[in-house]
Number of protein chains: 2
Amino acid sequence: MTPDLIARFADITGPAHALVTPQDIAPYLVESRGLYHGSSPLVLRPGSVEEVSAILALASETGTAVVPQGGNTGHVGGAAPREGQSDVVLSLARLNRIREVDPVGNVIVADAGAVLAEIQRAAEAADRLFPLSLGSEGSCQIGGNLSTNAGGTAVLAYGGVRQLCLGLEVVLPTGEIWNGLRRLRKDNTGYDLRDLFIGAEGTLGVITGAVLRLFPRPLGHEVALAGLKSPADALKLFERAAERCGMALTGFELMPRLGVDFTMRHIPGVRDPLAGRHDWYALVDVSTSDSAEAARRMIEVLLSEGIETGLIEDAVIAESETQRQALWHMRESMSPAQKPEGGSIKHDVSVPVASIPAFMAEADAAVLAAIPGARICAFGHMGDGNIHYNVSQPVGADTAAFVARRREINALVHGLVRKYEGSISAEHGIGQMKRDELAEVRAGIEIELMRRVKRAFDPAGIMNPGKVLAQDRSTPGSGRYRS
Amino acid sequence: MTPDLIARFADITGPAHALVTPQDIAPYLVESRGLYHGSSPLVLRPGSVEEVSAILALASETGTAVVPQGGNTGHVGGAAPREGQSDVVLSLARLNRIREVDPVGNVIVADAGAVLAEIQRAAEAADRLFPLSLGSEGSCQIGGNLSTNAGGTAVLAYGGVRQLCLGLEVVLPTGEIWNGLRRLRKDNTGYDLRDLFIGAEGTLGVITGAVLRLFPRPLGHEVALAGLKSPADALKLFERAAERCGMALTGFELMPRLGVDFTMRHIPGVRDPLAGRHDWYALVDVSTSDSAEAARRMIEVLLSEGIETGLIEDAVIAESETQRQALWHMRESMSPAQKPEGGSIKHDVSVPVASIPAFMAEADAAVLAAIPGARICAFGHMGDGNIHYNVSQPVGADTAAFVARRREINALVHGLVRKYEGSISAEHGIGQMKRDELAEVRAGIEIELMRRVKRAFDPAGIMNPGKVLAQDRSTPGSGRYRS
């Protein structure tokens, strides 16, 4: 990239918002899990949609690859620039306004760079709920949530971010702005462009703003933890909870004892909420709109029935907001608590919920046959079929040698995911990590349709190249996608 | 179309399922509202997905236009063949199996030609709810519901069919079959092809099967009718209901006195449920999962508060399933009851829910200024912003002369829809009726993106040409879309 071109880009944002020194650029090159180390000559931090538009127009004119980046909390290399290339990073961080909160229409309009927790707070200030919630909510941005179709912990009741979004504003690769900021619950006017940009991981355009749905704040909210014998019993409890609570069942999370041990060992303040040890735990979250008593009654009936029938070994209901947060904190700490235990090989998969016990049993057997002593810490959003099937290294094993077997273990686990007609990426997306595997697990016609969409929206191939779909190898450097 | 080509198509389905006589073909050419009268030399009724595939492969090879048709209950000419062309009608009616009901995974898998009411019944037989419900449910097919992104009466609590669909099977214009029959709640693996086919009105491919979500059957279900002074009061009641009932608020429908009079006059068995006359009516539908009492308590509190504060003039709660159905029957009869009153000019629009009273007041004034004595019968799904803004002719007016002013009245109403940032097609789609208007109301870049999608999926332009998007006039008869 020539100094002249860098100067032309910097002119758009002003030099203060065009980072060029290695030290300024460094934080934008590496993901939190440290798996991707890209390179970039330039990080742009535009302050308006018009600046984003001007950046993409210039990128189109000059064939410059652009990587949109939100809070940089991803896990699959989707927002990291490629290694050995001159990708320009386009950070949305300065586009962080809440544009409007409308408690009557039950919508909030936000810039793409607004941090998720800020949106939650703005909703709360208007006595409304924005239900998207995930571990990184303190730093992830809504544009990234939308671009990766984030799921999180309340999908059972409210759906993922795809279901929470009514309209989008998108800057196209040419710099043209598509104003799709609609706030309608029903709108059948042509092809659904909105849902094409959601989950596209910045490869079709740059989301700059969104209209999101708000909900009444629930009057009743109860969180309980149940000790269980097995994932099969957890499934039975989930089925009962779904019948008993219906749409009031907001979360149903599964945790293994090993994960609870990890959190107590490494995460300050985590204590075991139950007196005895149990092999498995279910966190049940119920919220009701009509009365606080309804939630309480639901959770009490569910737990007491479970205990009477022997399904539940022991259980506790959180008695205060502090206790509710503590139970969720334990669940949210499952992943960070694995880090001090050495190397880990992680999988973000989903299968039909009824297949979870069988899938996990087969996966456990296969992983332990390959690596005796591997410590399997499979936990997650059981209610929506999404398991974070994570494997920690055996105690005392060589970390590098363990992690080097990532592809082998991925192949075992993902092979079983395919057997159960599941997904190799339930909520983290494809990015660089699963790009080649996606092409293997999906039918040729499906990949071909995706390629056609990519070419239709980004014929010059400047938008986040090398993510989701492979670039055209036959014309290296052109950025164009094969036809 | 040559006899030889007709014979080749007929070979695929067998002659019994290839209709060629005018009398056999006639029912497939006309919509129920009678606005579109197309022509066709051939109606094919394939009995398998493979036959659909073979038909489209031959159509691609020979450049034959194909019009997919479900229950033929549409209103915008989307499933009717064009006038003066040789479109082949592809009826999905024989692909009508329920493939699987899975009450544990809470999904149902159905052929595209399965009638909506059959799917509802199959769900009920497994003690589950499939919540999609609309007036034509006894004859519309799920493939048509998906292709038009049907909404209906339970969108508030469950979303429209887009939210109810987990996976699709689609035959592409080339005859290739995309098996996207996934049953996952979370799956972030590349571009969202599913939502592109949903709502595409058969212009990108033929939906042949779908995985749909099931829900627990609610334990509590209450339906009430409230007499009100105005749409503004209806909005206040809706806001209160949304706060009080949250996700338990399943339906909130608005009806004018005129519509109630029409139903009592023309629909057998409809009686006025309230003693006095009221200018406006709200039908409130609440369903709860935890207990029957919860729904009863909610609706009683809502109505008694409304009456105490003077918001509601009078109200009744249905006391039996028969009464609940009677209230809904009155609402569903609004449209058919207009027919005997002479000509009508109809609009299926949505605006942000808080703008409904202002929109309706302005629209009423504009319509009455244009046609004094016009009888405005605006009713619909107020809770999701969707109003069927229908106008019946003045008493004794000339029907043909009234209907001839359709474009003028459409322009008035849709102009106000645009002012309020609404949609000119909330749930019926674009078809032929609103195709040219769509190109006017949407930004050029949005129409251009839709054209690119169309070309990417159907480069030969054989799929339902002339619907949603205009054909390329520069190469008449080629079926190709301009670039």
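Residues numbered from 1 in each chain as written. Chains lettered and ligands numbered in written order. Predicted model: local features only at pLDDT ≥ 70, side-chain atom pairs only at ≥ 80, totals over all residues. Heavy atoms only, no water.

Colleague: In this structure, what is going on with the overall build of chain A? I would like to understand it.
Modeller: Counting its regular elements, chain A contains 17 helices and 19 strands. The C-alpha atoms of chain A give a radius of gyration of 23 Å, which matches the 23 Å a tight globule of 483 residues would have. Seen along its three principal axes, the alpha-carbon backbone of chain A occupies a region of about 75 × 55 × 45 Å. A burial count over chain A gives 61% of its 483 residues as buried. Counting only contacts in chain A whose residues sit at least 6 apart along the sequence, the fraction spanning at least 24 positions is 72%. Of the accessible surface of chain A, which amounts to about 16,900 Å², a share of 51% is contributed by carbon and sulfur atoms. When the 48 basic and 57 acidic side-chain charges of chain A are each reduced to a single mean position, those positions are 3 Å apart. (Helix = DSSP H or I, 4+ residues; strand = E, 2+ residues; numbered from the N terminus. Rg over C-alpha atoms; globule rule 2.2 N^0.38 Å. Buried < 20%, exposed > 50% of the residue type's maximum accessible area, 1.4 Å probe, protein only. Contact = heavy atoms within 4.5 Å. Areas by Shrake-Rupley, 256 points an atom, 1.4 Å probe, with all protein chains shown as cover. Lys, Arg positive; Asp, Glu negative; His and termini not counted. Charge placed at Lys NZ, Arg CZ, Asp CG, Glu CD.)

Colleague: What is the right way to look at the interface of chain A and chain B in this model?
Modeller: A common measure of how large an interface is: the accessible area buried when the components associate. Across the contact, 84 residues belong to chain A and 84 residues belong to chain B. Around 6,900 Å² of area is buried between chain A and chain B when both sides are counted, 58% of it from carbon and sulfur atoms. It is Lys186, Asn188 and Tyr191 of chain A that lose the most area in chain A upon contact with chain B, and together they represent 15% of the buried surface on that side. Where chain A packs against chain B, one counts twelve salt bridges. Across the pair Arg128 of chain A and Glu243 of chain B runs a salt bridge whose closest N-O atoms are separated by 3.0 Å. Counting the contacts that link chain A with chain B gives 46 residue pairs in polar contact (both at pLDDT 80 or more). Within the residue set of the side of chain A that touches chain B, elements represented by two or more residues are α6 (155-158), α7 (161-164), β9 (177-180), α8 (193-197), β11 (215-216), α9 (231-245), α11 (292-308) and α17 (444-457) of chain A. No other element matches the nine residues that α17 of chain A contributes to the side of chain A that touches chain B. (Buried area = accessible area lost by both parts, 1.4 Å probe. Salt bridge = Lys/Arg side-chain N within 4 Å of Asp/Glu carboxyl O. Polar contact = N/O pair within 3.5 Å; in protein donor to acceptor, adjacent residues only side chain to side chain.)

Colleague: Hey, could you run me through the sheet that holds strand β4 (residues 88-91) of chain B in this one?
Modeller: Backbone hydrogen bonds hold the strands of a sheet together, and the pairing may be parallel or antiparallel. All names here are of chain B. Pairing in this open sheet of four strands is mixed, and the strands run β1-β2-β4-β3 from one edge to the other. Two strands bound the open sheet, and with one partner strand each, they are β1 (18-19) and β3 (66-69). Summarising the sheet, β3 and β4 pair through four bridges and their orientation is parallel. Across the sheet, the residue bridging to Val66 is Val88, located in β4. Its contacts with the sheet put helix α1 (residues 3-13) on β1 and β2 (42-44), and the angle it makes with β2 is roughly 20°. Contacts from helix α3 (residues 49-62) reach β2, β3 and β4, with the element oriented near 165° to β4. (Pairing = 2+ DSSP bridges. Axes fitted to C-alpha atoms, helices over the stretch in contact; angles between N-to-C directions.)

Colleague: Just checking my understanding: could you explain the relation of the copies chain A and chain B for this structure?
Modeller: Each of the two copies of the chain can be brought onto the other by a rotation about an axis and a shift along it. Expressed as a screw operation, the relation of chain A to chain B combines 0.0 Å of axial shift with a rotation of 180°, fitting to an RMSD of 0.0 Å. Viewed as a symmetry operation, the transformation between the two copies matches a two-fold axis. The fraction of interface residues of chain A whose copies in chain B are also interface residues reaches 100%, indicating that both copies meet through the same surface. (Least-squares fit on C-alpha atoms with pLDDT ≥ 70 in both.)

Colleague: For this particular structure, what's the right way to read the packing of α17 of chain A against helix α17 (residues 444-457) of chain B?
Modeller: Geometrically, a packed helix pair is captured by the angle between its two axes and the distance between the axes. Two numbers describe how α17 of chain A lies on α17 of chain B: the axes approach to 9 Å, and their chain directions differ by 145°. With respect to the hand of their crossing, α17 of chain A and α17 of chain B are arranged in right-handed fashion. For the pair α17 of chain A and α17 of chain B, contact is made by Leu449, Arg452, Val453, Ala456 and Phe457 of chain A and by Leu449, Arg452, Val453, Ala456 and Phe457 of chain B, respectively. Residue composition of the contact of α17 of chain A with α17 of chain B, by class: eight nonpolar, no polar and two charged. (Left-handed = near helix turned anticlockwise from the far one by under 90°. Nonpolar A, V, L, I, M, F, W, Y, C, P; charged D, E, K, R; others polar.)

Colleague: Please clarify how the pattern of salt bridges should be interpreted in this entry.
Modeller: Two side chains bearing opposite charge may form a pair once their charged atoms approach each other closely. Residue and element names in this part refer to chain B. Following the criterion strictly, the structure yields 72 salt bridges over all chains and no others. Across the pair Arg82 and Asp87 runs a salt bridge, and its minimum N-O distance is 2.6 Å. With a relative accessible area of 12%, Arg82 lands in the buried category. For Asp87, a relative accessible area of 0% translates into the label buried.

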